[in-house]
Amino acid sequence: MRKKRIVVLGGGIAGLEFLSRVTRKIDHSKYQLCLIDKNELHIWKPMLHTFAAGSNAPSEQGIPFLIQAKRYNFVFEPGEVSELNIKNKKITLAAYVDKYGKKILPERHVNFDYLVVALGSQTNDFNTKGVKDYAYTIDDLGKALRFYDDLKNYIIQAAILEEKHYLVVVGAGATGVELSGEIINELKQSAQYSDHDFAKNIDLTVVQSGDRVLPSFKQEISQAVKETMNGIGIRTLLSQRVAEVTKDSVVLESGEVLPADQVVWTTGVKAPNVLQQLAGVEQSKISQLVVNNKFQLLDNADIFAIGDCSQMQNKPLPPTAQVASQQAIYLSEYFGDIIDGRPNIPPFEYRDYGALVSVGRYASFGTFGNRMAVKGLIAQLAHLYLYRRHQMQILGIWRGLSAIIADFFRKKAR
Ligand SMILES: Cc1cc2nc3c(=O)[nH]c(=O)nc-3n(C[C@H](O)[C@H](O)[C@H](O)COP(=O)(O)OP(=O)(O)OC[C@H]3O[C@@H](n4cnc5c(N)ncnc54)[C@H](O)[C@@H]3O)c2cc1C
């Protein structure tokens, strides 16, 4: 009997947590599990700003999909999904090209019986002029590393040639705040081991259209974070909209022009391009797939969507790691029951455990369940706990613990 193929698109937080759990529940003599991802490594996306700032390395934190595949009994197909044909249940993967431009694999097609779309999201530039051509985004590993490579060169010039480097971060949500804090943190740490004051010639401005940083947090946290940022030398420009990004500046709607060698765009998200091209399925304003409370497309029960690329009908949730993880856990729990058509499956219920943010190693803040505000060590530990719990989910307890111990010694040896 032919095994039915369950294909998961995207091995991020939602996709890999789903796979790592569902593999223990489904009957492998009836179903084959397959993962498709454009990268070779699984990355905890909330860590991308640390790769962009150079304080962490993907070779140390990334988990190779090939190893996960062997361990958890699924097939890994590397490749970027370029087209999704829902009617014919067929996925097209673009030719696989390495980072030097060498073609490794031709364009391919993969068929599926069941599909779980977990392709995440990308930064939304709201069609602002010049962003595509001149701004960086840090919404995937390649882009975060690209930004860091250039930042490193500017820092060397700033330190050795005493040249001023102007860096503008657009957006003071969690990504913008954490990235700018991490950059200053890294500069100050590096300076401890050198005769050069790395931070002296770096001019870092964060521009925000709203009147406070971290608008989704409590007012008191926004205020404390802004004070921390200003205290470590980050300029915050609030209530300012960006009209255009040029090769060497950011033009504000007020007419002010900020000099900029590097601009990082961090505001908002939208679904990946491949989903924007889909026709004939219900999608949100930012092209997420609209799903029912069991994560099935509204008119195709064999196709599921979880994480940032999905939106539950009548119950939109924020694009966060917490949401992606809870959705993956629910779907892995009930996936077999849903595809076997068993009755009385409880609908997904989201539990909001709050949100956390860190400004480098200078300060951490958080809210639990939207009520209690915490700061300092408790918030820092809670932040770390989220990542470590995710590692345990996908690596298992022993490998997860080994990763924690390895990180500890790596930091000491650095
Ligand atoms: C810098 C940064 C910091 C963040 N910090 C936080 C935080 O502190 N707390 C929090 O809750 N959330 C945070 N987030 C948001 C959080 O990371 C996302 O909500 C979460 O990763 C969503 O999980 P996901 O599985 O839907 O997508 P992802 O984790 O992004 O996974 C998507 C996967 O799909 C793959 N993929 C994408 N397109 C294609 C394609 N065309 N073909 C093949 N593969 C593809 C990607 O390689 C990736 O592996 C942050 C995001 C960023 C960018």
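All figures in this text were calculated on a predicted structure; none of them were measured in a lab.

*Asks:* In this structure, what is going on with the overall build of the chain? I would like to understand it.
*Replies:* Broken down by element type, the chain carries 12 helices and 27 strands. Relative to the compact-globule value of 22 Å for 414 residues, the chain shows a C-alpha radius of gyration of 22 Å, a close match. Considering only C-alpha atoms, the chain reaches an extent of 70 × 50 × 45 Å along its principal axes. Among the 414 residues that make up the chain, the fraction classed as buried is 51%. Taking the intrachain contacts of the chain between residues at least 6 apart in sequence as the baseline, contacts between residues at least 24 apart amount to 64%. When the accessible surface of the chain is summed, it comes to about 20200 Å², and 51% of that surface belongs to carbon and sulfur atoms. Averaging the positions of the 49 positive and the 43 negative side-chain charges in the chain gives two centres separated by 6 Å.

*Asks:* I'm lost on the packing of helix H1 (residues 13-22) against helix H11 (residues 377-395) in this one. Help?
*Replies:* Packed helices, taken two at a time, are described by the angle between their axes plus the distance between the axes. Between H1 and H11, whose axes approach to 8 Å, the crossing angle comes to 45°. As summarised for this structure, H1 and H11 are arranged oblique, according to the angle between their axes. Across the interface between the two elements, Ile-13, Leu-16, Glu-17, Ser-20 and Arg-21 of H1 pack against His-390, Gln-393 and Ile-394 of H11. Of the residues belonging to the contact of H1 with H11, the class tally is 3 nonpolar, 3 polar and 2 charged.

*Asks:* Would you mind showing me how to read the nonpolar core here?
*Replies:* Here is a general trend for soluble globular proteins: nonpolar side chains tend to be buried in one another's company. Ranked by internal contacts, the top residues of the largest apolar core, which has 104 residues, are Ile-91, Phe-147, Val-225 and Phe-335. Not counting the four nearest positions on each side in its chain, Val-225 is found in contact with Val-177, Val-213, Leu-214, Val-357, Val-359 and Phe-365. Among the nonpolar cores identified, the runner-up in size contains 14 residues, and Val-168, Val-170, Leu-252 and Val-263 belong to it.

*Asks:* It is not clear to me how the packing of aromatic side chains should be interpreted in this structure. Could you clarify?
*Replies:* Two aromatic rings, taken as a pair, are described by how far apart their centres are and by the angle between their planes. One pass over the full model with this rule turns up 11 aromatic pairs. Ring plane angle 80° and centroid distance 5.3 Å describe the contact between Tyr-136 and Phe-147, whose orientation is recorded as edge-to-face. Residue Tyr-136 is found in the loop between helix H5 (131-134) and helix H6 (141-160), and its partner Phe-147 is found in helix H6; the two are separated by 11 residues along the sequence. Here Tyr-136 and Phe-147 have matching classes, each one buried. Taken together, Phe-18, Tyr-114, Phe-304 and Phe-335 form an aromatic cluster joined through their ring pairs.

*Asks:* Help me understand empty space enclosed by the protein in this model?
*Replies:* Across all of its chains, the model carries 3 cavities of 30 Å³ or more by this definition. Of the voids in this model, the largest cavity is the one considered here, and its volume is about 80 Å³. Forming the boundary of the largest cavity are 15 residues, of which Gly-307, Ser-310, Leu-317, Val-323 and Gln-327 lie nearest the centre. Secondary structure elements with two or more residues in the lining of the largest cavity: strand E24 (310-312) and helix H10 (321-339).

*Asks:* Sorry, what's going on with the site of the ligand here?
*Replies:* Near the ligand there are 28 residues, and of these Ala-14, Asp-37, Val-81, Asp-308 and Ala-321 occur at the shortest range. In this structure, an oxygen atom belonging to the ligand sits 3.2 Å away from a main-chain N or O atom of Ile-13. At 2.8 Å from an oxygen atom of the ligand is found a side-chain nitrogen or oxygen belonging to Asp-308. Protein chains shield 89% of the accessible area of the ligand, which is 990 Å² for the free molecule. Of all elements in the fold, only H1, helix H7 (174-191) and H10 reach the threshold of two or more residues within the shell around the ligand. Sorting elements by how many residues they give to the shell around the ligand places H10 first, with 3 residues. Residue classes in the shell around the ligand are distributed as 10 nonpolar, 12 polar and 6 charged. Looking at which domains feed residues into the shell around the ligand, each of domain 1 (4-121 + 271-339) and domain 2 (131-265) supplies at least three.

*Asks:* Explain the packing of H11 against helix H12 (residues 397-413) here, please?
*Replies:* Relative to each other, H11 and H12 sit at 135°, their axes nearing to 7 Å. Regarding the angle of H11 to H12, the classification is oblique. As for the relative orientation of H11 and H12, their crossing is right-handed in sense. Where H11 approaches H12, its residues Arg-388, Gln-391, Met-392 and Leu-395 are matched on the opposing element by Ile-397, Arg-399, Gly-400, Leu-401, Ala-403, Ile-404 and Asp-407. In terms of residue class, the contact of H11 with H12 is built from 6 nonpolar, 2 polar and 3 charged.

*Asks:* Can you walk me through the domain arrangement of the chain in this structure?
*Replies:* Bring the parts together and some accessible area is lost; that lost area is often taken as the interface size. We note that the domain assignment places domain 1 (4-121 + 271-339), domain 2 (131-265) and domain 3 (355-413) within the chain. Here domain 1 and domain 2 share an interface that buries about 1200 Å² over both sides, 68% of which is from carbon and sulfur atoms. Where domain 1 meets domain 2, there are 1 salt bridge. Here Lys-38 and Asp-140 are joined by a salt bridge, their closest N and O atoms 3.2 Å apart. It is helix H2 (residues 48-53) that contributes the most residues to the side of domain 1 that touches domain 2, 6 residues altogether.

*Asks:* Would you mind going over the environment of Leu-386 with me for this structure?
*Replies:* Residue position: Leu-386 is located in helix H11. The class for Leu-386 is partly exposed, based on a relative accessible area of 31%. Placed 65 residues apart in sequence, Leu-386 and Ala-321 show a C-alpha to C-alpha distance of 8.8 Å. Ignoring sequence-local partners within four residues, the contact set of Leu-386 consists of Trp-44 and Leu-356.

*Asks:* Teacher, can you tell me more about H10 here?
*Replies:* Along an α-helix, a turn takes 3.6 residues, which lines up residues three or four apart on a common side. Taking 1.5 Å of rise per residue, the 19 residues of H10 would be expected to cover 27 Å, and the 26 Å separating its terminal C-alpha atoms lies within 8% of that figure. The largest bend in H10 comes to about 45°, at Glu-333.

The rules we used
Residues numbered from 1 in each chain as written. Predicted model: local features only at pLDDT ≥ 70, side-chain atom pairs only at ≥ 80, totals over all residues. Heavy atoms only, no water. Helix = DSSP H or I, 4+ residues; strand = E, 2+ residues; numbered from the N terminus. Rg over C-alpha atoms; globule rule 2.2 N^0.38 Å. Buried < 20%, exposed > 50% of the residue type's maximum accessible area, 1.4 Å probe, protein only. Contact = heavy atoms within 4.5 Å. Areas by Shrake-Rupley, 256 points an atom, 1.4 Å probe, with all protein chains shown as cover. Lys, Arg positive; Asp, Glu negative; His and termini not counted. Charge placed at Lys NZ, Arg CZ, Asp CG, Glu CD. Axes fitted to C-alpha atoms, helices over the stretch in contact; angles between N-to-C directions. Parallel < 35°, antiparallel > 145°, perpendicular 65-115°, else oblique. Nonpolar A, V, L, I, M, F, W, Y, C, P; charged D, E, K, R; others polar. Core = buried A, V, L, I, M, F, W, Y, C linked by side-chain atoms within 4.5 Å. Phe/Tyr/Trp six-rings, centres within 6.5 Å; stacked < 30°, edge-to-face > 60°. 1 Å grid on protein atoms, 1.4 Å probe; cavity = no way out; pocket = protein on both sides within 12 Å on 5 of 7 lines; lining within 4 Å. Points joined across faces, edges and corners; volume = space filled by probe spheres on them. Near = heavy atom within 4 Å. Polar contact = N/O pair within 3.5 Å; in protein donor to acceptor, adjacent residues only side chain to side chain. Domains from an automatic or database assignment. Left-handed = near helix turned anticlockwise from the far one by under 90°. Buried area = accessible area lost by both parts, 1.4 Å probe. Salt bridge = Lys/Arg side-chain N within 4 Å of Asp/Glu carboxyl O. Expected span 1.5 Å × (residues − 1). Bend = angle between axes of the 7 residues up to and from the residue.

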